[in-house]
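So the chains spell out like this:
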Amino acid sequence: MTGRLYGVGLGPGDPELVTVRTARLIGEADVIAYHAARHGRSIARSIALPYMREGQVEELLLYPLTTETTDHPGGYQGALDGFYADCAERLAAHLDAGRTVVVLAEGDPLFYGSYMHMHKRLAHRYPTEVVPGVTSVSAASAVLGRPLVERDEVLTVLPGTLPADVLAERLRGTDSAAVLKLGRTFEKVRDALAEAGRLDDAWYVERATMGAERVAPLKDVDPDGVPYFSLALLASPAERTFVPEPPSAAGRGEVAVVGLGPAGRPWLTPEAQEALAAATDIVGYGPYVDRVPPNPRQRRHRTDNRVEAERARHALELARDGARVAVVSSGDPGVFAMASAVLEAAGGFPEVPVRVVPGLTAAQAVASRVGAPLGHDYCVLSLSDLLKPWEVVADRLAAAARADLVLAIYNPASRSRTWQVAAARDLLLEHRAPDTPVVIGRDVGGPQESVTVTTLGDLDPAAVDMRCLLIVGSSTTRVTGSGAVYTPRRYP
(Lines give C-alpha, C1' and ligand atoms only; values in the text may rest on other atoms or scores of the structure.)
Protein backbone atom coordinates (compact mmCIF):
# COMPACT_ATOMS: atom_id res chain seq x y z
CA MET A 1 0.00 0.00 0.00
CA THR A 2 1.23 3.51 -0.77
CA GLY A 3 1.62 6.18 1.87
CA ARG A 4 -0.49 9.30 2.23
CA LEU A 5 0.62 12.84 1.41
CA TYR A 6 -0.43 15.78 3.58
CA GLY A 7 0.14 19.45 2.86
CA VAL A 8 -0.38 21.21 6.18
CA GLY A 9 -0.68 24.92 6.88
CA LEU A 10 1.29 26.11 9.92
CA GLY A 11 -0.22 29.57 10.14
CA PRO A 12 1.71 32.85 10.17
CA GLY A 13 4.43 31.96 12.69
CA ASP A 14 3.16 31.53 16.23
CA PRO A 15 3.15 27.77 16.98
CA GLU A 16 -0.05 28.28 19.00
CA LEU A 17 -1.83 29.23 15.76
CA VAL A 18 -1.22 25.77 14.30
CA THR A 19 -4.53 23.94 14.01
CA VAL A 20 -5.23 20.92 16.18
CA ARG A 21 -5.41 18.71 13.08
CA THR A 22 -2.10 19.93 11.72
CA ALA A 23 -0.40 19.37 15.09
CA ARG A 24 -1.73 15.82 15.24
CA LEU A 25 -0.63 14.99 11.69
CA ILE A 26 2.88 16.35 12.31
CA GLY A 27 3.21 14.14 15.38
CA GLU A 28 1.98 11.04 13.53
CA ALA A 29 4.00 11.50 10.32
CA ASP A 30 6.78 9.16 9.23
CA VAL A 31 8.42 11.87 7.11
CA ILE A 32 8.47 15.65 7.65
CA ALA A 33 9.40 17.67 4.54
CA TYR A 34 10.05 21.41 4.44
CA HIS A 35 11.56 23.99 2.10
CA ALA A 36 14.42 26.33 2.93
CA ALA A 37 16.64 28.84 1.18
CA ARG A 38 20.35 28.22 0.64
CA HIS A 39 21.15 29.06 4.27
CA GLY A 40 19.23 25.92 5.29
CA ARG A 41 17.18 27.57 8.04
CA SER A 42 13.48 26.69 7.76
CA ILE A 43 10.85 28.89 9.39
CA ALA A 44 8.32 26.13 8.74
CA ARG A 45 10.37 23.62 10.72
CA SER A 46 10.79 26.05 13.63
CA ILE A 47 7.00 26.49 13.83
CA ALA A 48 6.35 22.74 13.65
CA LEU A 49 9.15 21.73 16.04
CA PRO A 50 6.98 21.62 19.20
CA TYR A 51 4.79 18.98 17.53
CA MET A 52 7.55 16.81 16.01
CA ARG A 53 8.87 13.67 17.69
CA GLU A 54 12.15 11.82 17.77
CA GLY A 55 12.78 9.28 15.05
CA GLN A 56 10.94 11.07 12.26
CA VAL A 57 12.67 11.27 8.88
CA GLU A 58 13.26 14.87 7.83
CA GLU A 59 13.49 15.85 4.17
CA LEU A 60 15.11 19.26 3.70
CA LEU A 61 14.04 20.67 0.31
CA LEU A 62 16.79 23.23 -0.27
CA TYR A 63 16.13 25.81 -2.99
CA PRO A 64 19.02 25.99 -5.51
CA LEU A 65 18.51 29.77 -5.79
CA THR A 66 16.17 32.55 -4.72
CA THR A 67 16.69 35.83 -6.57
CA GLU A 68 20.17 35.35 -7.98
CA THR A 69 20.99 34.52 -11.60
CA THR A 70 21.67 31.01 -12.86
CA ASP A 71 23.47 29.32 -15.73
CA HIS A 72 20.79 26.64 -15.96
CA PRO A 73 19.88 26.08 -19.65
CA GLY A 74 16.23 26.69 -18.82
CA GLY A 75 16.98 29.87 -16.93
CA TYR A 76 15.54 30.76 -13.54
CA GLN A 77 12.24 28.95 -14.10
CA GLY A 78 13.99 25.92 -15.53
CA ALA A 79 16.19 25.66 -12.45
CA LEU A 80 13.16 25.78 -10.18
CA ASP A 81 11.19 23.28 -12.26
CA GLY A 82 14.07 20.83 -12.05
CA PHE A 83 14.29 21.37 -8.30
CA TYR A 84 10.57 20.73 -7.80
CA ALA A 85 10.70 17.60 -9.94
CA ASP A 86 13.60 16.25 -7.88
CA CYS A 87 11.82 17.04 -4.60
CA ALA A 88 8.65 15.34 -5.79
CA GLU A 89 10.52 12.15 -6.64
CA ARG A 90 12.23 12.14 -3.23
CA LEU A 91 8.84 12.30 -1.55
CA ALA A 92 7.40 9.75 -3.98
CA ALA A 93 10.03 7.24 -2.84
CA HIS A 94 8.70 7.51 0.72
CA LEU A 95 5.08 7.28 -0.44
CA ASP A 96 5.84 4.20 -2.54
CA ALA A 97 7.30 2.60 0.59
CA GLY A 98 4.02 3.21 2.46
CA ARG A 99 5.24 6.10 4.61
CA THR A 100 3.06 9.04 5.62
CA VAL A 101 4.60 12.29 4.36
CA VAL A 102 3.72 15.69 5.82
CA VAL A 103 4.90 18.72 3.84
CA LEU A 104 5.07 21.84 6.02
CA ALA A 105 3.89 25.18 4.67
CA GLU A 106 3.89 28.58 6.36
CA GLY A 107 0.45 30.16 6.32
CA ASP A 108 -1.88 28.16 4.10
CA PRO A 109 -0.49 25.44 1.78
CA LEU A 110 -2.34 26.69 -1.29
CA PHE A 111 -1.90 30.44 -0.70
CA TYR A 112 1.38 31.52 -2.36
CA GLY A 113 2.92 28.41 -0.79
CA SER A 114 5.76 26.16 -1.96
CA TYR A 115 3.70 23.07 -1.13
CA MET A 116 1.51 23.56 -4.19
CA HIS A 117 4.44 22.58 -6.45
CA MET A 118 4.52 19.18 -4.71
CA HIS A 119 0.74 18.95 -4.87
CA LYS A 120 0.66 19.45 -8.64
CA ARG A 121 3.20 16.69 -9.11
CA LEU A 122 1.97 14.12 -6.58
CA ALA A 123 -1.73 14.58 -5.70
CA HIS A 124 -2.89 12.66 -8.79
CA ARG A 125 -0.58 9.75 -7.95
CA TYR A 126 -1.11 9.30 -4.20
CA PRO A 127 -3.87 9.77 -1.59
CA THR A 128 -3.52 13.42 -0.62
CA GLU A 129 -5.09 15.81 1.85
CA VAL A 130 -4.55 19.54 2.32
CA VAL A 131 -5.06 21.02 5.79
CA PRO A 132 -5.65 24.79 5.65
CA GLY A 133 -3.85 27.29 7.86
CA VAL A 134 -4.17 30.89 9.01
CA THR A 135 -2.77 33.16 6.31
CA SER A 136 -0.36 36.05 6.82
CA VAL A 137 -3.11 38.38 5.61
CA SER A 138 -5.46 37.29 8.40
CA ALA A 139 -2.62 37.49 10.92
CA ALA A 140 -1.68 41.03 9.84
CA SER A 141 -5.29 42.17 10.17
CA ALA A 142 -5.46 40.61 13.63
CA VAL A 143 -2.25 42.17 14.99
CA LEU A 144 -3.33 45.56 13.63
CA GLY A 145 -6.76 45.15 15.15
CA ARG A 146 -8.32 46.42 11.94
CA PRO A 147 -10.92 44.65 9.77
CA LEU A 148 -10.04 43.53 6.28
CA VAL A 149 -13.47 43.89 4.70
CA GLU A 150 -17.00 44.60 5.82
CA ARG A 151 -20.31 43.82 4.13
CA ASP A 152 -19.88 44.14 0.33
CA GLU A 153 -16.37 45.62 0.29
CA VAL A 154 -13.73 44.06 -1.97
CA LEU A 155 -10.38 42.71 -0.77
CA THR A 156 -7.56 42.43 -3.33
CA VAL A 157 -4.46 40.33 -2.63
CA LEU A 158 -1.44 41.25 -4.74
CA PRO A 159 2.17 40.03 -5.02
CA GLY A 160 4.71 42.82 -4.74
CA THR A 161 6.46 41.37 -7.78
CA LEU A 162 3.85 42.85 -10.15
CA PRO A 163 4.88 45.82 -12.29
CA ALA A 164 4.48 49.19 -10.55
CA ASP A 165 1.80 50.48 -12.91
CA VAL A 166 -0.27 47.31 -12.47
CA LEU A 167 0.01 47.58 -8.69
CA ALA A 168 -1.10 51.21 -8.71
CA GLU A 169 -4.08 50.46 -10.93
CA ARG A 170 -5.22 47.56 -8.75
CA LEU A 171 -4.78 49.57 -5.56
CA ARG A 172 -6.87 52.44 -6.92
CA GLY A 173 -9.76 50.14 -7.75
CA THR A 174 -10.24 48.24 -4.49
CA ASP A 175 -11.56 48.89 -1.01
CA SER A 176 -8.95 46.88 0.90
CA ALA A 177 -5.69 45.29 -0.20
CA ALA A 178 -2.83 43.14 0.99
CA VAL A 179 0.47 43.28 -0.90
CA LEU A 180 2.72 40.31 -0.16
CA LYS A 181 6.34 39.44 -0.95
CA LEU A 182 7.75 42.84 -0.05
CA GLY A 183 11.46 42.42 0.66
CA ARG A 184 13.24 43.83 -2.37
CA THR A 185 9.94 45.06 -3.84
CA PHE A 186 9.18 47.40 -0.93
CA GLU A 187 10.11 50.70 -2.60
CA LYS A 188 8.14 49.79 -5.72
CA VAL A 189 5.09 48.93 -3.63
CA ARG A 190 5.40 52.15 -1.62
CA ASP A 191 5.59 54.19 -4.84
CA ALA A 192 2.54 52.37 -6.24
CA LEU A 193 0.57 53.16 -3.08
CA ALA A 194 1.54 56.81 -3.41
CA GLU A 195 0.57 56.83 -7.10
CA ALA A 196 -2.82 55.34 -6.18
CA GLY A 197 -3.34 57.94 -3.45
CA ARG A 198 -3.41 55.25 -0.76
CA LEU A 199 -0.03 55.63 0.97
CA ASP A 200 -1.36 57.49 4.02
CA ASP A 201 -3.76 54.61 4.72
CA ALA A 202 -1.23 51.81 4.30
CA TRP A 203 0.22 49.77 7.16
CA TYR A 204 3.38 47.73 7.26
CA VAL A 205 3.34 44.40 9.13
CA GLU A 206 6.51 42.37 9.55
CA ARG A 207 6.60 38.77 10.84
CA ALA A 208 3.03 38.90 12.17
CA THR A 209 2.54 36.82 15.37
CA MET A 210 6.29 36.00 15.59
CA GLY A 211 8.68 37.19 18.27
CA ALA A 212 10.17 39.85 15.98
CA GLU A 213 6.74 41.21 14.98
CA ARG A 214 6.74 44.83 13.83
CA VAL A 215 3.85 47.13 12.90
CA ALA A 216 4.17 50.66 11.55
CA PRO A 217 2.61 53.13 9.08
CA LEU A 218 4.14 52.06 5.78
CA LYS A 219 5.23 55.57 4.81
CA ASP A 220 7.50 55.67 7.88
CA VAL A 221 9.35 52.40 7.14
CA ASP A 222 13.02 52.43 6.06
CA PRO A 223 13.36 50.24 2.93
CA ASP A 224 16.70 48.87 4.14
CA GLY A 225 16.24 45.58 5.92
CA VAL A 226 12.59 44.93 4.95
CA PRO A 227 12.32 41.11 4.97
CA TYR A 228 10.42 38.82 2.64
CA PHE A 229 8.04 37.91 5.50
CA SER A 230 6.29 41.27 5.56
CA LEU A 231 3.31 42.77 3.84
CA ALA A 232 1.50 46.03 3.15
CA LEU A 233 -2.11 46.26 4.26
CA LEU A 234 -4.92 48.61 3.34
CA ALA A 235 -7.57 47.85 5.92
CA SER A 236 -11.31 48.20 5.42
CA PRO A 237 -12.40 51.84 5.00
CA ALA A 238 -14.99 51.02 7.66
CA GLU A 239 -12.25 50.67 10.29
CA ARG A 240 -12.29 54.46 10.60
CA THR A 241 -16.01 54.46 11.41
CA PHE A 242 -16.33 53.99 15.15
CA VAL A 243 -19.66 53.14 16.75
CA PRO A 244 -20.72 55.83 19.25
CA GLU A 245 -21.32 55.01 22.87
CA PRO A 246 -24.78 53.47 23.39
CA PRO A 247 -27.48 55.73 24.79
CA SER A 248 -28.52 55.48 28.40
CA ALA A 249 -30.02 52.14 29.29
CA ALA A 250 -33.09 53.74 30.84
CA GLY A 251 -36.22 53.03 28.81
CA ARG A 252 -34.65 50.25 26.75
CA GLY A 253 -35.46 47.35 29.03
CA GLU A 254 -38.03 44.62 28.55
CA VAL A 255 -39.52 41.65 30.36
CA ALA A 256 -39.60 38.26 28.65
CA VAL A 257 -41.62 35.67 30.52
CA VAL A 258 -39.86 32.48 29.52
CA GLY A 259 -41.10 28.90 29.63
CA LEU A 260 -38.29 26.50 30.54
CA GLY A 261 -40.25 23.38 29.66
CA PRO A 262 -40.66 20.52 32.13
CA ALA A 263 -36.96 19.71 32.66
CA GLY A 264 -33.51 20.35 31.14
CA ARG A 265 -32.09 21.97 28.02
CA PRO A 266 -33.42 19.37 25.53
CA TRP A 267 -36.94 20.57 26.40
CA LEU A 268 -36.04 24.26 25.91
CA THR A 269 -37.09 25.96 22.67
CA PRO A 270 -34.57 27.96 20.60
CA GLU A 271 -36.64 31.11 21.24
CA ALA A 272 -36.40 30.54 24.98
CA GLN A 273 -32.65 29.94 24.74
CA GLU A 274 -32.27 33.22 22.87
CA ALA A 275 -34.30 35.14 25.46
CA LEU A 276 -32.23 33.70 28.30
CA ALA A 277 -28.95 34.45 26.51
CA ALA A 278 -29.95 38.09 25.90
CA ALA A 279 -31.07 38.73 29.48
CA THR A 280 -29.21 40.89 31.97
CA ASP A 281 -31.35 39.64 34.85
CA ILE A 282 -32.96 36.26 35.61
CA VAL A 283 -35.98 36.41 37.93
CA GLY A 284 -38.00 33.51 39.29
CA TYR A 285 -38.72 30.85 41.86
CA GLY A 286 -35.38 29.60 43.17
CA PRO A 287 -35.38 26.05 41.71
CA TYR A 288 -36.39 27.40 38.30
CA VAL A 289 -33.66 30.06 38.32
CA ASP A 290 -31.20 27.29 39.19
CA ARG A 291 -32.09 25.53 35.93
CA VAL A 292 -30.57 28.41 33.95
CA PRO A 293 -26.77 27.95 33.62
CA PRO A 294 -24.94 30.68 35.60
CA ASN A 295 -23.43 33.55 33.64
CA PRO A 296 -21.35 36.14 35.55
CA ARG A 297 -22.72 38.84 33.26
CA GLN A 298 -26.23 38.23 34.53
CA ARG A 299 -27.80 39.03 37.88
CA ARG A 300 -29.97 36.30 39.39
CA HIS A 301 -32.98 37.04 41.58
CA ARG A 302 -34.23 33.90 43.39
CA THR A 303 -37.48 34.20 45.33
CA ASP A 304 -39.97 32.01 47.17
CA ASN A 305 -42.75 30.34 45.23
CA ARG A 306 -45.50 32.25 47.05
CA VAL A 307 -44.59 35.83 46.08
CA GLU A 308 -45.67 35.93 42.45
CA ALA A 309 -47.03 39.48 42.54
CA GLU A 310 -43.92 40.87 44.25
CA ARG A 311 -41.69 38.97 41.81
CA ALA A 312 -43.59 40.38 38.83
CA ARG A 313 -43.32 43.98 40.11
CA HIS A 314 -39.61 43.54 40.79
CA ALA A 315 -39.02 42.31 37.23
CA LEU A 316 -40.92 45.27 35.78
CA GLU A 317 -38.99 47.72 37.96
CA LEU A 318 -35.70 46.27 36.74
CA ALA A 319 -36.86 46.58 33.11
CA ARG A 320 -38.06 50.13 33.66
CA ASP A 321 -34.49 50.98 34.70
CA GLY A 322 -33.09 49.45 31.51
CA ALA A 323 -32.59 45.77 32.34
CA ARG A 324 -33.49 42.96 29.95
CA VAL A 325 -35.30 40.65 32.33
CA ALA A 326 -36.17 36.99 31.84
CA VAL A 327 -38.85 35.84 34.26
CA VAL A 328 -38.62 32.06 34.23
CA SER A 329 -41.33 29.47 34.77
CA SER A 330 -41.32 25.72 34.50
CA GLY A 331 -43.33 24.35 31.57
CA ASP A 332 -45.24 27.13 29.82
CA PRO A 333 -45.39 30.53 31.56
CA GLY A 334 -49.01 30.96 30.58
CA VAL A 335 -50.19 27.73 32.27
CA PHE A 336 -50.52 28.23 36.04
CA ALA A 337 -47.32 30.28 35.96
CA MET A 338 -45.82 33.78 35.84
CA ALA A 339 -47.22 35.23 32.61
CA SER A 340 -50.55 36.16 34.20
CA ALA A 341 -48.87 37.73 37.23
CA VAL A 342 -46.50 39.82 35.10
CA LEU A 343 -49.23 40.99 32.73
CA GLU A 344 -51.47 41.91 35.65
CA ALA A 345 -48.71 43.98 37.26
CA ALA A 346 -47.68 45.50 33.92
CA GLY A 347 -50.67 47.85 34.04
CA GLY A 348 -48.60 50.02 36.37
CA PHE A 349 -45.62 50.01 34.00
CA PRO A 350 -47.03 51.07 30.60
CA GLU A 351 -43.56 51.97 29.32
CA VAL A 352 -42.16 48.44 29.78
CA PRO A 353 -42.68 45.99 26.90
CA VAL A 354 -43.64 42.47 27.97
CA ARG A 355 -43.52 39.36 25.80
CA VAL A 356 -44.35 35.76 26.60
CA VAL A 357 -42.03 33.01 25.33
CA PRO A 358 -43.92 29.70 25.33
CA GLY A 359 -42.61 26.42 26.65
CA LEU A 360 -43.50 22.75 26.49
CA THR A 361 -46.11 22.06 29.19
CA ALA A 362 -45.96 19.35 31.83
CA ALA A 363 -49.21 17.92 30.45
CA GLN A 364 -47.68 17.51 27.00
CA ALA A 365 -44.52 15.96 28.43
CA VAL A 366 -46.38 13.40 30.56
CA ALA A 367 -48.76 12.56 27.69
CA SER A 368 -45.83 11.95 25.34
CA ARG A 369 -44.37 9.35 27.68
CA VAL A 370 -47.42 7.08 27.39
CA GLY A 371 -48.71 7.89 23.93
CA ALA A 372 -51.57 10.27 23.12
CA PRO A 373 -54.05 10.52 26.01
CA LEU A 374 -54.69 14.15 25.03
CA GLY A 375 -55.62 13.16 21.48
CA HIS A 376 -59.14 14.60 21.80
CA ASP A 377 -60.72 17.46 23.74
CA TYR A 378 -59.24 17.88 27.18
CA CYS A 379 -59.41 20.20 30.17
CA VAL A 380 -56.52 21.55 32.27
CA LEU A 381 -57.25 22.06 36.00
CA SER A 382 -55.30 22.81 39.14
CA LEU A 383 -56.29 21.13 42.41
CA SER A 384 -54.66 23.88 44.45
CA ASP A 385 -57.12 25.84 46.56
CA LEU A 386 -54.58 28.50 47.57
CA LEU A 387 -55.89 31.02 45.01
CA LYS A 388 -59.48 29.79 44.64
CA PRO A 389 -61.86 28.00 47.02
CA TRP A 390 -62.21 24.21 46.89
CA GLU A 391 -65.86 24.57 46.00
CA VAL A 392 -64.87 26.16 42.68
CA VAL A 393 -62.36 23.38 42.04
CA ALA A 394 -65.00 20.73 42.77
CA ASP A 395 -67.60 22.38 40.52
CA ARG A 396 -65.15 22.55 37.64
CA LEU A 397 -64.08 18.93 38.11
CA ALA A 398 -67.70 17.84 38.05
CA ALA A 399 -68.44 19.93 34.94
CA ALA A 400 -65.45 18.52 33.07
CA ALA A 401 -66.36 14.98 34.14
CA ARG A 402 -69.96 15.40 32.96
CA ALA A 403 -68.67 16.74 29.63
CA ASP A 404 -66.55 13.57 29.26
CA LEU A 405 -63.33 15.56 28.81
CA VAL A 406 -59.89 14.11 29.44
CA LEU A 407 -58.41 15.98 32.42
CA ALA A 408 -54.83 17.13 32.94
CA ILE A 409 -54.58 17.89 36.66
CA TYR A 410 -51.82 20.16 37.91
CA ASN A 411 -50.77 20.76 41.54
CA PRO A 412 -52.55 17.64 42.80
CA ALA A 413 -50.97 17.63 46.27
CA SER A 414 -48.38 19.26 48.51
CA ARG A 415 -47.07 18.89 52.04
CA SER A 416 -49.98 20.99 53.33
CA ARG A 417 -52.61 19.66 50.89
CA THR A 418 -52.97 15.91 51.21
CA TRP A 419 -56.68 15.24 50.87
CA GLN A 420 -57.60 16.79 47.49
CA VAL A 421 -56.49 13.82 45.36
CA ALA A 422 -58.82 11.44 47.16
CA ALA A 423 -61.66 13.99 47.03
CA ALA A 424 -61.12 14.53 43.30
CA ARG A 425 -60.99 10.77 42.62
CA ASP A 426 -64.28 10.20 44.47
CA LEU A 427 -65.95 13.08 42.67
CA LEU A 428 -64.81 11.81 39.26
CA LEU A 429 -66.00 8.27 40.03
CA GLU A 430 -69.52 9.68 40.17
CA HIS A 431 -69.22 10.30 36.41
CA ARG A 432 -66.47 7.91 35.20
CA ALA A 433 -66.11 4.14 35.27
CA PRO A 434 -63.57 2.72 37.76
CA ASP A 435 -61.52 1.29 34.86
CA THR A 436 -60.96 4.77 33.33
CA PRO A 437 -57.20 5.03 32.55
CA VAL A 438 -55.15 7.37 34.76
CA VAL A 439 -51.55 8.41 34.11
CA ILE A 440 -49.31 9.59 36.97
CA GLY A 441 -46.25 11.41 35.69
CA ARG A 442 -43.58 12.49 38.16
CA ASP A 443 -40.48 14.60 37.37
CA VAL A 444 -40.85 13.88 33.65
CA GLY A 445 -37.62 14.74 31.89
CA GLY A 446 -35.75 14.89 35.19
CA PRO A 447 -33.41 12.44 36.92
CA GLN A 448 -36.20 10.90 39.04
CA GLU A 449 -38.74 10.50 36.25
CA SER A 450 -41.43 7.90 36.77
CA VAL A 451 -44.64 7.29 34.81
CA THR A 452 -47.38 4.99 36.03
CA VAL A 453 -50.54 3.91 34.24
CA THR A 454 -53.35 2.87 36.56
CA THR A 455 -57.16 3.24 36.73
CA LEU A 456 -59.40 5.72 38.46
CA GLY A 457 -60.70 3.02 40.82
CA ASP A 458 -57.15 1.96 41.78
CA LEU A 459 -55.67 5.48 42.07
CA ASP A 460 -53.73 5.65 45.34
CA PRO A 461 -53.54 9.24 46.65
CA ALA A 462 -50.40 8.34 48.61
CA ALA A 463 -48.54 7.84 45.31
CA VAL A 464 -49.15 11.47 44.27
CA ASP A 465 -47.21 14.54 45.38
CA MET A 466 -46.59 18.11 44.20
CA ARG A 467 -44.11 17.00 41.54
CA CYS A 468 -46.75 14.87 39.84
CA LEU A 469 -49.23 15.57 37.09
CA LEU A 470 -52.32 13.42 36.59
CA ILE A 471 -54.04 12.67 33.31
CA VAL A 472 -57.51 11.17 33.74
CA GLY A 473 -58.97 9.66 30.58
CA SER A 474 -62.44 10.11 29.12
CA SER A 475 -64.90 7.31 28.36
CA THR A 476 -63.10 6.74 25.02
CA THR A 477 -59.50 6.65 26.30
CA ARG A 478 -57.87 3.26 25.75
CA VAL A 479 -54.78 1.36 26.89
CA THR A 480 -53.17 -0.90 24.29
CA GLY A 481 -51.63 -4.28 24.95
CA SER A 482 -48.18 -2.68 24.92
CA GLY A 483 -49.21 -0.18 27.60
CA ALA A 484 -49.71 2.87 25.37
CA VAL A 485 -52.55 5.22 26.28
CA TYR A 486 -54.51 7.12 23.67
CA THR A 487 -57.80 8.95 23.18
CA PRO A 488 -59.29 8.50 19.67
CA ARG A 489 -59.93 11.63 17.67
CA ARG A 490 -63.43 10.38 16.76
CA TYR A 491 -66.12 10.57 19.39
CA PRO A 492 -69.00 8.03 19.34
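The rules we used
Residues numbered from 1 in each chain as written. Predicted model: local features only at pLDDT ≥ 70, side-chain atom pairs only at ≥ 80, totals over all residues. Heavy atoms only, no water. Pairing = 2+ DSSP bridges. Helix = DSSP H or I, 4+ residues; strand = E, 2+ residues; numbered from the N terminus. Axes fitted to C-alpha atoms, helices over the stretch in contact; angles between N-to-C directions. Buried < 20%, exposed > 50% of the residue type's maximum accessible area, 1.4 Å probe, protein only. Phe/Tyr/Trp six-rings, centres within 6.5 Å; stacked < 30°, edge-to-face > 60°. Contact = heavy atoms within 4.5 Å. Parallel < 35°, antiparallel > 145°, perpendicular 65-115°, else oblique. Left-handed = near helix turned anticlockwise from the far one by under 90°. Polar contact = N/O pair within 3.5 Å; in protein donor to acceptor, adjacent residues only side chain to side chain.

Draft legend 1. Quick look at the sheet that holds strand β18 (residues 406-410). Sheet architecture is open: 5 strands sit in the order β17-β18-β21-β19-β20, paired in mixed fashion. At either end of the open sheet lies a strand with only one pairing partner, and these are β17 (378-382) and β20 (450-455). Along the sheet, successive strands turn relative to each other by an average axial angle of 20°, direction set aside. Sheet topology note: the β17/β18 ladder contains 5 bridges and is parallel. When the bridges of β18 are listed, cysteine 379 appears paired with leucine 407.

Draft legend 2. Highlighting the pairing of strand β4 (residues 101-105). Burial within β4 is extensive, with 5 of its 5 residues counted as buried. Pairing geometry for strand β2 (residues 31-36) and β4, over 3 bridges, is parallel. Residue pairing for β4: isoleucine 32 is matched across the bridge by valine 102.

Draft legend 3. Region of the structure containing the sheet that holds strand β22 (residues 478-479). The strand order β16-β23-β22 describes an open sheet built from 3 strands, whose pairing is mixed. Each end of this open sheet is capped by a strand with a single partner; those strands are β16 (371-372) and β22. Alignment of β16 against strand β23 (residues 485-486), held across 2 bridges, turns out to be parallel. Bridge pairing in β23 links glycine 371 to valine 485.

Draft legend 4. Highlighting the packing of aromatic side chains. Following the criterion strictly, the structure yields 9 aromatic pairs and no others. Centroid distance tryptophan 390 to tryptophan 419: 5.0 Å. Interplanar angle 70°. Geometry classified as edge-to-face. On the criterion of sequence distance, the pair formed by tryptophan 390 in helix α13 (residues 390-402) and tryptophan 419 in the loop between β18 and α14 (420-429) is long-range, its members being 29 residues apart. Overall, tryptophan 390 belongs to the buried group, its relative accessible area being 16%. With a relative accessible area of 42%, tryptophan 419 lands in the partly exposed category.

Draft legend 5. Structural view of unusual backbone geometry. You will see that arginine 207, though not glycine, has its phi angle at about 50°, which is positive. The topology assignment puts arginine 207 in the loop between β8 (202-206) and β9 (214-217). Of note in this structure, threonine 209 is not a glycine but carries a positive phi near 75°. Checked against the element boundaries, threonine 209 lands in the loop between β8 and β9.

Draft legend 6. Seen up close, the environment of threonine 454. Along the chain, threonine 454 turns up in strand β20. Sequence spacing of threonine 454 and alanine 367 is 87 residues, and the spatial spacing of their C-alpha atoms is 14 Å. With residues near it in sequence (within four places) discarded, threonine 454 still touches Thr436, Pro437, Val438, Ile440 and Leu459.

Draft legend 7. Representation of helix α12 (residues 362-370) in the model. Where α12 is concerned, the buried positions are Ala363, Ala365, Val366, Ala367 and Val370. Against the buried residues of α12 lie β16, β18, β19 (437-442), β20, β21 (468-472) and β23. Directly after α12, the chain includes glycine 371, whose backbone phi takes a positive value near 135°.

Draft legend 8. Structural view of the pairing of β8. Most of β8 sits inside the fold, with 4 of its 5 residues counted as buried. By the bridge criterion, 5 bridges tie β8 to strand β10 (residues 230-234) in an arrangement that is antiparallel. Each residue of the ladder has a partner; that of valine 205, found in β10, is leucine 231. Sheet topology places β8 next to β9; 4 bridges connect them, and they run antiparallel. Along β9, the bridge assignment pairs glutamate 206 with arginine 214.

Draft legend 9. Representation of the packing of helix α6 (residues 164-172) against helix α7 (residues 186-195) in the model. Two elements in contact, α6 and α7, have axes whose closest approach is 8 Å; the angle formed by their N-to-C orientations is 45°. Judged by the angle between their axes, α6 and α7 are oblique. Regarding α6 and α7, the two cross each other, and that crossing is right-handed. Listed contacts from α7 to Ala164, Leu167, Ala168, Leu171 and Arg172 of α6 are Lys188, Val189, Ala192, Leu193 and Glu195.

Draft legend 10. Examining the side chain of serine 236 more closely. Considering the arrangement of structural elements, one finds serine 236 in the loop between β10 and β11 (254-259). A distance of 2.6 Å separates polar atoms of two side chains, one belonging to serine 236 and the other to glutamate 153. Sequence-distant contacts of serine 236, that is, excluding residues within four places in its chain, are made with Pro147, Leu148, Val149, Glu150, Glu153 and Ser176.

Everything listed is a geometric property; what it means functionally is a separate question.
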